[in-house]
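Structural features, examined
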Amino acid sequence: MYTLGEFIIENRDNFPYSTESLLRLFSSIKLAAKSVHKEINKVGLTKNIGSSGKMNIQGENQQKLDFFAHKTFIESFKHRNVVCGIASEESKDIIIINKKKNTLNDQYIVLIDPLDGSSNIDVNVPIGTIFSVFKKNYSCEKKVTINDFLQKGIKQILAGYIIYGSSTILVYSVGNGVHGFTLDPSFGTFYLSHPYISFPKKGNIYSINNGNYEKFSNGIKKFIEFCQKKDKNNLYTSRYIGSLVSDFHRNMIHGGIYIYPKTELSPNGKLRLLYECNPIAFLTEQAGGKASNGYERILDIKPCKLHQRIPFICGPKNMVFKLEKFIKEYE
Ligand code: P6P
């Protein structure tokens, strides 16, 4: 079985930048992921359960483990001399990492949701870390600025997530398919377990928070009605965990659409473009699917703010096309 490092080296011709820099990036990600995995697996026995008592930049109640994961990933990225700037859901502003002397020329920008779905921690529902990586936009010599973070999603060089569930799986793509690696905790090693993951041609799962039904636009309501139509050929089923990484991981493997649309109360939806939608959209397309805001491709959208929200739809092409058609017809 390939380890993650062996797989990267084996497939180095499919990565347009230096393999050493990619290995360094993953060395940070793996180290932090193992530390977060360890903490999550015993959270009921440690002081890390529950709320930190603080609100994050999003005005959401920050869980203690949110901050632990944020700190762990930031520290891990700081010590590999390949990341020059980080944006995190848990930090209002960008975090600039000053270049050290033995730094590789390649300098990367990382955007991260350290622990997505963290409100599920104390009820033992799977949660995840989502990461998105770009090359520093402007010349390496220039100081990192916010513009290095506001790049279109199509320019990501690496995107992925770690899902902390019945097993801990690191899923990523560098633009050559989507691959999953399962952590063997006894060795502390990630082994290739899901090579070339792709959406099944026909999906039958739809994931949306039906509690917001009355606040949805007509196009979304029509799609839900279509999925619920009383018809012997209607094979759709609703699955919604309320943890993006878990809902997406299941839908990518079993075949389903994930929808977090705008509502009357949240005209831009809830999910953040830079460190939730862009990386998941990148993986979606690499797995043969489609990701949009209902009108345009997520990866083509030019970000304007670090924490901007956007309506988000991702899944098998035929299901996303179907929903976009309802939106066009009934909006
Ligand atoms: P709601 C978690 O807070 C999150 O950002 C995603 O992981 C999840 O899919 C969504 O919000 C759930 O939001 O409004 O349905 O509870």
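Nothing here was measured: the structure is a model prediction, and the numbers come from that model. (Residues numbered from 1 in each chain as written. Predicted model: local features only at pLDDT ≥ 70, side-chain atom pairs only at ≥ 80, totals over all residues. Heavy atoms only, no water.)

Moving on to the site of the ligand. Taken together, the residues surrounding the ligand are D116, G117, N209, Y240, G242, S243, L244, Y258, Y260, K270, L271 and E276. At a separation of 2.5 Å, an oxygen atom of the ligand approaches a polar side-chain atom of Y240. Between the ligand and the protein, one listed contact pairs an oxygen atom with a side-chain N or O atom of Y258 at 2.7 Å. In isolation the ligand exposes 400 Å². Once the protein is present, 82% of that is buried. For the ligand, the cavity whose grid points lie within 2 Å of the majority of its atoms is the largest pocket. A breakdown of the residues in the shell around the ligand according to their chemical character gives five nonpolar, four polar and three charged. (Near = heavy atom within 4 Å. Polar contact = N/O pair within 3.5 Å; in protein donor to acceptor, adjacent residues only side chain to side chain. Areas by Shrake-Rupley, 256 points an atom, 1.4 Å probe, with all protein chains shown as cover. 1 Å grid on protein atoms, 1.4 Å probe; cavity = no way out; pocket = protein on both sides within 12 Å on 5 of 7 lines; lining within 4 Å. Sits in = over half its atoms within 2 Å of the grid points. Nonpolar A, V, L, I, M, F, W, Y, C, P; charged D, E, K, R; others polar.)

Before going further, it helps to spend a moment on the layout of surface pockets. A water-sized probe, rolled over the atoms, reveals where empty space remains. Estimated volume of the largest pocket: approximately 370 Å³. Listing elements by their share of the lining of the largest pocket, those giving two or more residues are strand 2 (61–63), strand 5 (108–116), helix 5 (244–254) and strand 13 (256–260). Tallying contributions element by element places strand 5 first for the lining of the largest pocket, with three residues. Of the residues in the lining of the largest pocket, the class split is six nonpolar, eight polar and 10 charged. (Points joined across faces, edges and corners; volume = space filled by probe spheres on them. Helix = DSSP H or I, 4+ residues; strand = E, 2+ residues; numbered from the N terminus.)

This brings us to a positive patch on the surface. Taken together, K38, K42, K47, K64 and K71 make up a surface patch of like positive charges. Tracing the chain through its elements places K64 in helix 3 (residues 64–78). (Patch = residues over 30% accessible without salt bridge, like charges linked within 9 Å, V, L, I, M, F, W, Y side chains within 5 Å. Salt bridge = Lys/Arg side-chain N within 4 Å of Asp/Glu carboxyl O. Lys, Arg positive; Asp, Glu negative; His and termini not counted. Charge placed at Lys NZ, Arg CZ, Asp CG, Glu CD.)

For the rest of this paragraph, the subject is the domain arrangement of the chain. Considered domain by domain, the chain is made up of domain 1 (4–197) and domain 2 (205–330). In this complex, domain 1 contributes 47 residues to the contact, which on the side of domain 2 involves 33 residues. Buried surface at the junction of domain 1 and domain 2, summed over both partners, amounts to about 3000 Å²; 64% is from carbon and sulfur atoms. At the boundary of domain 1 and domain 2, one finds one salt bridge. Residue R272 pairs with E89 through a salt bridge whose shortest N-O separation is 2.4 Å. (Domains from an automatic or database assignment. Contact = heavy atoms within 4.5 Å. Buried area = accessible area lost by both parts, 1.4 Å probe.)

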